[in-house]
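Take a look at the letters that make up each chain.
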Amino acid sequence: GQVVAVLLVGSMELSGSSHIGKKIAKNFDGDLYYGQVVAWFPKTTAEETELWRVVYTDGDEEDFSEDELKEWETTNPSKVTKTGRTLERVAKAWTDQQRKRMKQPDKSKS
């Protein structure tokens, strides 16, 4: 596969988008992987594209455009991972971790 780097200029938001919480079922090489939208990057200029962060049941993350969300969105019930954790639990754990990071001061500036 091809690796594409995306520079995210805007700040990540954990709320404020109707897409947060939506379920994704994406086909990777013939296998479906399930994820949930957990955050978004609102655009701050007309040239930027809004992106939404998806966390998959295996913990991997990927950023989606709105068109990609529409393409891969599913109404499938939550899937259970090999470790027994549901998609909702994986997404909640990721969100809780991000909230903690956002509240901690940046120690690299001291």
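Residues numbered from 1 in each chain as written. Predicted model: local features only at pLDDT ≥ 70, side-chain atom pairs only at ≥ 80, totals over all residues. Heavy atoms only, no water.

Asks: Sorry if this is basic, but what is going on with a negative patch on the surface here?
Replies: Together, Glu66, Asp67, Glu68 and Glu71 line one region of the surface with negative charge. On the secondary structure map, aspartate 67 appears in helix α1 (residues 66-72). (Patch = residues over 30% accessible without salt bridge, like charges linked within 9 Å, V, L, I, M, F, W, Y side chains within 5 Å. Areas by Shrake-Rupley, 256 points an atom, 1.4 Å probe, with all protein chains shown as cover. Salt bridge = Lys/Arg side-chain N within 4 Å of Asp/Glu carboxyl O. Lys, Arg positive; Asp, Glu negative; His and termini not counted. Charge placed at Lys NZ, Arg CZ, Asp CG, Glu CD. Helix = DSSP H or I, 4+ residues; strand = E, 2+ residues; numbered from the N terminus.)

Asks: Help me out: how do you make sense of the pattern of salt bridges in this one?
Replies: It is possible for side chains of opposite charge to pair when their charged atoms get near one another. For the structure shown, the criterion picks out five salt bridges. The closest approach of N and O atoms between lysine 26 and glutamate 62, which form a salt bridge, is 2.8 Å. Taken together, the positions of lysine 26 in strand β1 (residues 23-28) and glutamate 62 in strand β4 (residues 61-64) put the pair 36 residues apart, joining distant regions of the chain. The class of lysine 26 is buried, set by a relative accessible area of 12%. Linking aspartate 63 and arginine 53 is a salt bridge whose minimum nitrogen-to-oxygen distance equals 2.4 Å. (Buried < 20%, exposed > 50% of the residue type's maximum accessible area, 1.4 Å probe, protein only.)

Asks: What's the story with the packing of aromatic side chains in this structure? I'm lost.
Replies: Given two aromatic rings, one states the distance between the centres and the angle between the planes to describe the pair. Scanning the model with the defined rule gives three aromatic pairs in all. Centre to centre, the rings of phenylalanine 28 and tyrosine 56 are 5.9 Å apart; their planes meet at 75°, and the pair counts as edge-to-face. One end of the pair, phenylalanine 28, is in strand β1; the other, tyrosine 56, is in strand β3 (residues 51-56), with 28 residues separating them in the sequence. Judged by relative accessible area, which is 32%, phenylalanine 28 ranks as partly exposed. Judged by centre distance (6.1 Å) and plane angle (15°), the ring pair of tryptophan 40 and tryptophan 52 falls under stacked. Of the two residues, tryptophan 40 sits in strand β2 (residues 31-41) while tryptophan 52 sits in strand β3, which places them 12 residues apart along the sequence. Given the relative accessible area of 12%, tryptophan 40 is considered buried. Of the residues examined, tryptophan 52 reaches a relative accessible area of 2% and is grouped as buried. Members of the aromatic cluster, each reached through a chain of ring pairs, are Phe28, Tyr33 and Tyr56. (Phe/Tyr/Trp six-rings, centres within 6.5 Å; stacked < 30°, edge-to-face > 60°.)

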